[in-house]
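Next come the chains, spelled out residue by residue.
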Amino acid sequence: MGVIYTIWLRNVKRYLRSKSRIVGSLGMPLFFLLILGFGLNSVINIPGMEHDYIRFIIPGIVAMSVLFTSVFSGIQIIWDKQFGFLKETLVAPVSRVEIMLGQTLGGATTALIQGLIILVLSLFLGGGVPNVAGFLIAVLFMVLIGLSFTALGIAFASPMEDMHGFQLVMNFVIFPVFGLSGAVFPISTLPPFLRYLTYLDPLTYGVEGIRAGLLGTSQISPPVCFFALIGFATFMIFLGGYLFKRMKV
Amino acid sequence: MKIIILESLTKKFNGFTAVDNVSFTVKEGEVFGFLGPNGAGKTTTISMLATLLGPTLGEAHVNGFNIKTQKDDVRKSIGIIFQDPSLDEELTAYENMDFHGRLYHIKKDIREKRIKELLKLVELDERKNDLVKKFSGGMRRRLEIARGLLHEPKVLFLDEPTLGLDPQTRNHIWEYIQKLNKEKKITVMITTHYMEEADKLCDRVAIIDKGKIIALDTPKNLKDGIGGDLITVETPDAESLCPLVQEFSWFKSSNQHDGFVTFNVMDAEKHIAGIADLSCQNNIEIKSINVHKPTLEDVFLHFTGRTIREEEAGSVEHMRMMHKARRRR
């Protein structure tokens, strides 16, 4: 337990210290929120929903911010590899699984903080939190997204030797995952083939879960979202742990 | 007591043998030097002893523990200072130490006390709350040494600890290492390609070349093994000079390398004139003559027929190729 806490602590300390990273990674989600939210607010009317379009996409943008931060945190171990710090950790008398879990929890924590910042900022842009229960549901789903995608970042970073592969992950994993998730459009009105694709995207369940918490309505029922996402998180943590264990230094 | 035992330790990467059937032992409490040019297999051997790399063949024990089956016990017994930096630059000196202490499960009160002591030892206590990214190369090295000692290891591995440091800092680091060895009774295994450093500070040295141990003894015995003195002659025509000098009764052996020829003789000072006369009579140009007592550098030359500097250029090239090959994999 102590080891997991130690690695977690290092991650959180580093995160809190890099102010530019905190501010920098707010840019993209805020940009989406403002451009899409205000740009399309008046022209889009979502069938069967009493809320504005901007309120509809806030959960999606929160999820986006959690997604980006967590993948980035996971993939950070490439830097540790390049700057040699990882060796210091790997030569200690601790298991790699503990190191990986500490890293995952650390990444999920920073991702959650980042998501909460967006959530707070969205309150000034017409967003809202209905009640404590709704807020806690949203936080739960943010944590699950954070855990899943930090583990995914670690899984990708483990066999990589340098940052060259990072763009690949960004373009072929992160953007498709975000784009297909129903973060910025309702999935129920999609043509069937596209709708099934969104069902395959784990982030869909995260977005819908947060939406259920913040808006009280969602297109996929929250328990389904919960079990789908917790299943994905468990799978990713096992896969990330497996690849991290096999990693060569 | 033997604290490190290697038995036929071998490591192969894609058919390339980096460490080839290496066997030797290190005694408790000694400073053991591991010498050789870049790419000779020093770091690979250390990585195996530190359980970071699994051997392809062979066995090794550190502090009585098997490096393959008792990894955690080996890890608790050793401290390691890597060739490349391994600090977290975004954390302070104290936080780097604290992180290490927690990973090694050192209780809070003991941890705090030792961190204080060690930072004082390496003269970084006044900078303990500064971020490591503000530190110079020498300060970082000192911090890494302090960190490696935090869990009171039996054996300290240092992989090229003075590489890239200025001479003054190098001397400083060596002083620390000697102090630790004397005061804390830590066995030190150190790799370096600075031969004169090893000569001054190591109780025994092993010379490794192309993955094989080619000599192992005290620096004094190794140098005495060459016997006598050395006369190095710089000449474009080493081919004709060698056979002529070989006729003398005092001649023992010679080595040609890169426009130089080194003669191994007894009482060198007496025979310089002889060599000079000989060259004159046979119209062999001599650019310089130099007489010296054997150094570990000469020991390396004696066993491999190459100087370690010549080796350097070649092996750096080789390492690059290896690296490329590994990345392509």
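Everything numeric here is computed off the predicted structure, so don't read it as measured data.

(A) Local environment of the interface of chain B and chain A. In this complex, chain B contributes 27 residues to the contact, which on the side of chain A involves 24 residues. Summed over both sides, the interface of chain B with chain A buries roughly 2,500 Å², with 59% coming from carbon and sulfur. Between the two partners, chain B and chain A, sit six salt bridges. When the shortest N-O distance is used, the salt bridge between A:Glu88 and B:Arg147 registers 3.3 Å. On the surface where chain B and chain A come into contact, there are nine residue pairs in polar contact (both at pLDDT 80 or more). Secondary structure elements with two or more residues in the side of chain B that touches chain A: α2 (71-77), α3 (93-103) and α12 (308-328) of chain B. In terms of residue count, α3(B) provides more of the side of chain B that touches chain A than any other element does, six residues in total. Residue composition of the side of chain B that touches chain A, by class: eleven nonpolar, five polar and eleven charged.

(B) Quick look at the environment of A:Pro222. All names here are of chain A. Topologically, Pro222 is positioned in helix α11 (residues 222-246). Owing to a relative accessible area of 35%, Pro222 belongs among the partly exposed residues under this scheme. In the structure, Pro222 is positioned 163 residues away from Pro59 in sequence and 14 Å away in space, judged by C-alpha atoms. Contact partners of Pro222, with chain neighbours within four places excluded, come to Phe141 and Ala212.

(C) Geometry of the packing of aromatic side chains. All names here are of chain A. Tallied over the entire structure, the rule returns 13 aromatic pairs over all chains. Each ring, one from Phe68 and one from Phe175, has its centre 5.7 Å from the other, and the planes form 90°; the classification is edge-to-face. Taken as a pair, Phe68 in helix α3 (residues 53-75) and Phe175 in helix α8 (residues 166-179) lie far apart in primary sequence, 107 residues in all. A residue is classified by how much of its surface remains accessible, and Phe68, at 15% relative accessible area, is buried. Through a chain of ring-to-ring contacts, three or more aromatic side chains come together here, namely Phe31, Phe32 and Phe178. A cation over an aromatic ring shows up here: Arg211 above the ring of Phe56, its NZ or CZ 3.7 Å from the ring centre.

What counts, and where the lines are drawn
Residues numbered from 1 in each chain as written. Chains lettered and ligands numbered in written order. Predicted model: local features only at pLDDT ≥ 70, side-chain atom pairs only at ≥ 80, totals over all residues. Heavy atoms only, no water. Contact = heavy atoms within 4.5 Å. Buried area = accessible area lost by both parts, 1.4 Å probe. Salt bridge = Lys/Arg side-chain N within 4 Å of Asp/Glu carboxyl O. Polar contact = N/O pair within 3.5 Å; in protein donor to acceptor, adjacent residues only side chain to side chain. Helix = DSSP H or I, 4+ residues; strand = E, 2+ residues; numbered from the N terminus. Nonpolar A, V, L, I, M, F, W, Y, C, P; charged D, E, K, R; others polar. Buried < 20%, exposed > 50% of the residue type's maximum accessible area, 1.4 Å probe, protein only. Phe/Tyr/Trp six-rings, centres within 6.5 Å; stacked < 30°, edge-to-face > 60°. Lys NZ or Arg CZ within 6 Å of the ring centre and 35° of its normal.

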